[in-house]
Amino acid sequence: MRTEQPKMIYLKDYQVPDYLIDETHLTFELFEDHTLVHAQLVMRRNPAAGAGLPPLVLDGQLLELLSVQLDDRVLSGNDYQIDASHLTLHPASERFSVDTSVKIHPETNTALEGLYKSGTMFCTQCEAEGFRKITYYLDRPDVMSKFTTTVIAEQHRYPVLLSNGNPVGNGPQDDGRHWATWEDPFMKPAYLFALVAGDLWCVEDSFATMSGRNVALRIYVEPENIDKCQHAMNSLKKSMRWDEEVYGREYDLDIFMIVAVNDFNMGAMENKGLNIFNSSAVLARAETATDAAHQRVEAIVAHEYFHNWSGNRVTCRDWFQLSLKEGFTVFRDAGFSADMNSRTVKRIQDVAYLRTHQFAEDAGPMAHAVRPDSFIEISNFYTLTVYEKGSEVVGMIHTLLGAEGFRKGSDLYFQRHDGQAVTCDDFVKAMEDANGVDFTQFKRWYSQAGTPRLAVSESYDASAKTYSLTFRQSCPQTPDKQEKLPFVIPVEIGLLDARGAEIALQLAGEAAAGATSRVLSVTEAEQTFIFVGIAAKPLPSLLRGFSAPVKLGFPYDRDQLMFLMQHDSDGFNRWDAGQQLSVQVLQELIGQHQQGQALVLDPRLVTALRSVLGNEQLDQAMVAEMLSLPGEAYLTEISEVADVEAIHTAREFVRRQLAEQLFDGLWQRYQANRAVSKTTAYVAENEHFARRALQNIALSYLMLSGRPEVLAATLEQFETADNMTERLTALAVLVNSPFEAEKALALASFAEHFKDNPLVMDQWFSVQAGSPLPGGLQRVKALMEHPAFTIRNPNKVRALIGAFAGQNLINFHAADGSGYRFLADLVIQLNALNPQIASRQLAPLTRWRKYDGARQALMKAELERIRGSGELSADVYEVVSKSLA
Ligand code: TRP
Ligand code: ZN
């Protein structure tokens, strides 16, 4: 809750800390109705901060100060100053120690930041600024310290006591309580601190590092989940090996622990040696988790593990540098997932996500640069821009340097900055120095917000046999109002001849023709590249692999897109050609709907997808991706003014047409794949993911036909599947179907079977919240009364409210504003309980500029109602006020 007027913090105001904390000794006494935290901070004046002894201003929030001591002197009330967020002391020497005791209340902490309880267990979340809710401290990432932690709790309720680093001792006390002490030999900022106490079981394994050290691996969960840890453990071992092989990075402690907790604001947290995870990002087994959930677990386990180097050993100087660790670590986990599964499919999924969600953020009121230069509440900047666009920026460095040059750069970065808290500039500098290149202009990607547009035009000179491509870049205004300068845009391209073969590429002025795919660096506002020796007008394949996070425009006609779908050697671009074709067709239908005309589908889309469906050579996951139409959220993002009804109607019309016209092909592939699924035990591996992906998208189309044999197949799959991927798809297909009796039965039996598994119930909520059938809001409101729902659990909020407002666009954007009112009520309620979650759920309302005047007015009215609703958290205040600015 806000205690003072929230104020903007600026990167330009950064100053080194006045004091340093060499050692941090913590003792926690955990009780049912309070916790005592004793801290001894061994401190000294920071020599880099100048002369004299300025006041020592420690951060602290919601702490009840019991005692404070400077060296041996117990301080009294006039020796220090205290306010709602600071404790100010007056050191009298360069070196001193500060001892404090505070009382805190994890048992009533619903914000899930600092020390809190999830069910019966105690756990922490300190990133970004949660440590100040645990004890008075210099809670900033450039203050790094050596931590020793003792935890004391009742033996019976909390047999397991964990913290960062290595265990150095434990024992019973004579009052039924016991203690454990942990020591972390690595210097770290407070945001990487963690503590866990609970009645937990663990799955154990070990890993031999590349230098032959043995590391104990443990995944701690509540006893009922002990059978759902193997996939995460396998993922962890693969991640450890991959980071050695691809980045040369070895793990550095004797033990690595993961703890699964049910109440968690985000996916997971990379605390040194003691990662804390949302249980949804750890637990996975065939019967209860989908293929997508298995892949998410693999990716998040890898992400948090990789932070051990990109984030922990080398950390951030300040929170404006967040992408230094997050963009780089997302890039690393994407490379890992690509290597474990299919590189092309991983890229397609990441790009579809980026274009839909990050592009929307970049075009909205919260738009910010990858390295923002101001913020009110840092929790609001754990964004798609910092994570996903940040990863794209690192990916462009990789594209420009090549794999080998990039590795030289990352080696230098880790070696040069090990143990330091650094900036995005330091990262780029290591890349430059290791490769002898100049990235001055490239760095605009870190400072300029907004998604660049790249308009491409061509011209062919038959007599000179030259082919020219002209690129014009521009970047729309963003709320920071800064002038945009040209970016460095790496554009990977190829040229196809009339048979679809690749042409060897030779630019004017070059000695000889070379590769058939190459990267052009577009660095100017307008720039032309001339290819020579081109016998006939080619067809360009542009931005292969999505080599830069831009909106590229080239005037392809539909026949050319069909040609690229067939012939492009770049798998990503084959998919993208299909998406562009679909977008053209859908936009035409949206226009027809708006004009009140009958909808007429361009038969070329059916022809193109029929040929994809019939291609048995193609990776089945690719077939599934190519059969997936651009989503309504993406169609919204690319609209000038999004017409919710027209988008939904047009897209549903195409889906029905495809279902009808491709019925036989879909049915044949469905049956073939389902037959394999029936006779194969579940395996969480790529080829099996691919088979089920195609099987399931086929089923979702087939059900649109309403044919009885499809209903029978769906029921059969629902009832007999041995895995959640097939069962949940069948459930979703039923939920979206007109078969009311079957739907009701399936929902009831699913809930009865899985009522004790909260993660499965989340899926059950989501499937219903996302259903576009009429009456969506009433269904969601009814589900909020279900015994398995609670507004205090972020996963539940995301599963029900997030899925409704984020995916069920036709219902959420109901013309009467009921969806908006509902969301605003919820945000007001959440603001008091959990500001981080409240502010995230608010995102759909911030996009009001995308809609028609009537909806804009309704959405703005709800934002204003939130603004006037009372004491706002800094989190909600920032998003609401920026949205209305
Ligand atoms: N550093 C975490 C991650 O990338 C993010 C995170 C976890 C977080 N929990 C949080 C950020 C709470 C803010 C608040 O992987
Ligand atoms: Zn991260």
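Structure: above.
Bear in mind that the values here come from a model prediction, so they are computed numbers and not experimental data.

Visitor: Quick one: what's the story with the site of ligand 1, residue by residue and with numbers?
Guide: Not every one of the 15 residues close to ligand 1 is listed here, only the nearest: Glu-127, Ala-268, Glu-270, Glu-304 and Tyr-387. In the environment of ligand 1, a nitrogen atom lies 3.3 Å from a nitrogen or oxygen atom belonging to the side chain of Gln-125. In this structure, Lys-325 approaches ligand 1 through a side-chain N or O atom, which is 3.5 Å from a nitrogen atom. Within the complex, the protein chains bury 97% of what would otherwise be the 360 Å² of accessible surface of ligand 1. For the shell around ligand 1, the secondary-structure elements that each account for two or more residues are β21 (268-269), α2 (291-306) and α3 (322-340). In the shell around ligand 1, the residues fall into 6 nonpolar, 4 polar and 5 charged.

Visitor: Tell me about the coordination of the zinc ion (ligand 2), and please be specific about residues and values.
Guide: Protein coordination of the zinc ion (ligand 2) is provided by His-303 (NE2), His-307 (NE2), Glu-326 (OE) and Glu-326 (OE), with donor distances spanning 1.9 to 2.8 Å. Considering all 6 donor atoms around the zinc ion (ligand 2), angles at the metal cover 32 to 161° and the coordination shape is irregular. Counting the intervening residues between successive donors of the zinc ion (ligand 2) yields the motif H-x3-H-x18-E. Of this pair, His-303 sits in helix α2 while Glu-326 is found in helix α3, placing the two residues 23 residues apart along the sequence. Of the two residues, His-303 and Glu-326, both sit in the buried class.

Visitor: Could you give me a rundown of the packing of aromatic side chains, with the residues and numbers involved?
Guide: Inspection of every chain in the model, using the stated rule, returns 44 aromatic pairs. Ring centres of Phe-131 and Tyr-137 lie 4.8 Å apart, and the angle between their planes is 75°; this geometry places the pair in the edge-to-face category. Ring geometry for Phe-306 and Phe-336: centres 5.7 Å apart, planes at 85°, overall edge-to-face. Residue Phe-306 is located in helix α2, and its partner Phe-336 is located in helix α3; the two are separated by 30 residues in the primary sequence. Residue Phe-306 is classed as buried on the basis of its relative accessible area of 0%. Positioned over the ring face of Phe-328 is Arg-332, at 5.5 Å from the centre of the ring. The ring of Phe-663 carries Arg-707 above its face, with NZ or CZ at 3.5 Å from the centroid.

Visitor: Pulling in residues and values, what's your account of the packing of helix α23 (residues 818-833) against helix α26 (residues 853-867)?
Guide: Remark: α23 packs on α26, axes separated minimally by 9 Å, with the N-to-C direction vectors making an angle of 15°. As the angle between them shows, α23 and α26 are arranged roughly parallel. The crossing of α23 and α26 is right-handed. Contact residues: α23 offers Tyr-820, Arg-821, Ala-824, Asp-825, Val-827 and Ile-828, while α26 offers Arg-855, Leu-858, Met-859, Glu-862, Arg-865 and Ile-866.

Rules used throughout
- Residues numbered from 1 in each chain as written.
- Chains lettered and ligands numbered in written order.
- Predicted model: local features only at pLDDT ≥ 70, side-chain atom pairs only at ≥ 80, totals over all residues.
- Heavy atoms only, no water.
- Near = heavy atom within 4 Å.
- Polar contact = N/O pair within 3.5 Å; in protein donor to acceptor, adjacent residues only side chain to side chain.
- Areas by Shrake-Rupley, 256 points an atom, 1.4 Å probe, with all protein chains shown as cover.
- Helix = DSSP H or I, 4+ residues; strand = E, 2+ residues; numbered from the N terminus.
- Nonpolar A, V, L, I, M, F, W, Y, C, P; charged D, E, K, R; others polar.
- Donors = N, O, S within 2.8 Å, 3.2 Å for Na, K, Ca; no water.
- Tetrahedral: all angles 85-135°; square planar, octahedral: opposite > 155°, others 65-115°.
- Buried < 20%, exposed > 50% of the residue type's maximum accessible area, 1.4 Å probe, protein only.
- Phe/Tyr/Trp six-rings, centres within 6.5 Å; stacked < 30°, edge-to-face > 60°.
- Lys NZ or Arg CZ within 6 Å of the ring centre and 35° of its normal.
- Axes fitted to C-alpha atoms, helices over the stretch in contact; angles between N-to-C directions.
- Parallel < 35°, antiparallel > 145°, perpendicular 65-115°, else oblique.
- Left-handed = near helix turned anticlockwise from the far one by under 90°.
- Contact = heavy atoms within 4.5 Å.

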